[in-house]
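# A structural walkthrough
Residue strings, one per chain:
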Amino acid sequence: MIGGIVMILVALWIYQSAMRAKTSNVMMWVAIGAVTFFVVQLAFIDVNIYIMEAIKGGEGDSGYERDLTSIGDRKNEGGFQGFGGVLLSVYMELMPQIVGFLAAALVRIKFITKEPLTVGNLFSDIKEMFQSIKQSFKTTEK
């Protein structure tokens, strides 16, 4: 769900940047940015699965696997307890979206705005995007 919300924001961001840069085929670039975000996010989710399986050992024992008729929770032991487990969970949840956002930002800066690659240019126009979203919710008084 977080990835879907971020993908919508990335598509809006790329659309507004392409309109400001007066790029031809704006919707094509929006689609390329959204697909880039999605593909990189999906690939990074697979990387996270490999990391999680490496930490857990990849082998389910009798405490993990259960019959379809049994009642109760699975025992997930090993690797995910304490503060380290919280950090690992936050990493697994947020890192695919962050890396997908950075990939879409690279597409935006290299092919749409054609600006030099700097941190400021990489994240430019985000403030303007949120301001335009805020303006879209305002109503006019009659």
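Keep in mind the model is a prediction, meaning the values are calculated, not measured.

## Looking at the packing of aromatic side chains
Tallied over the entire structure, the rule returns 3 aromatic pairs. Centre to centre, the rings of W29 and F111 are 5.9 Å apart; their planes meet at 15 degrees, and the pair counts as stacked. One end of the pair, W29, is in helix α2 (residues 26–56); the other, F111, is in helix α3 (residues 82–113), with 82 residues separating them in the sequence. Between F101 and F123, the ring centres sit 6.0 Å apart and the planes meet at 10 degrees, which makes this aromatic pair stacked. Residue F101 is located in helix α3, and its partner F123 is located in the loop between α4 (119–122) and α5 (126–136); the two are separated by 22 residues in the primary sequence. Through successive ring pairs, a cluster of aromatic residues spans W13, F101 and F123.

## Quick notes on the side chain of S17
Counting through the fold element by element, S17 comes out in helix α1 (residues 2–20). Those residues within four positions of S17 in sequence are excluded, and the remaining contacts are R108, I112, T113 and D125.

## Section: a nonpolar patch on the surface
Residues I2, F83, V86, L87, V90, L94, I98, L102, V119 and F123 make up a contiguous nonpolar surface patch of roughly 880 Å² in combined accessible area. In terms of residues, the nonpolar patch owes the most to one element, α3, which gives 7 residues. Examined against the element boundaries, V119 turns out to sit in helix α4. Looking at V119, the relative accessible area reads 61%, which means it is exposed.

The rules we used
Residues numbered from 1 in each chain as written. Predicted model: local features only at pLDDT ≥ 70, side-chain atom pairs only at ≥ 80, totals over all residues. Heavy atoms only, no water. Phe/Tyr/Trp six-rings, centres within 6.5 Å; stacked < 30°, edge-to-face > 60°. Helix = DSSP H or I, 4+ residues; strand = E, 2+ residues; numbered from the N terminus. Contact = heavy atoms within 4.5 Å. Patch = residues over 30% accessible without salt bridge, like charges linked within 9 Å, V, L, I, M, F, W, Y side chains within 5 Å. Areas by Shrake-Rupley, 256 points an atom, 1.4 Å probe, with all protein chains shown as cover. Salt bridge = Lys/Arg side-chain N within 4 Å of Asp/Glu carboxyl O. Buried < 20%, exposed > 50% of the residue type's maximum accessible area, 1.4 Å probe, protein only.

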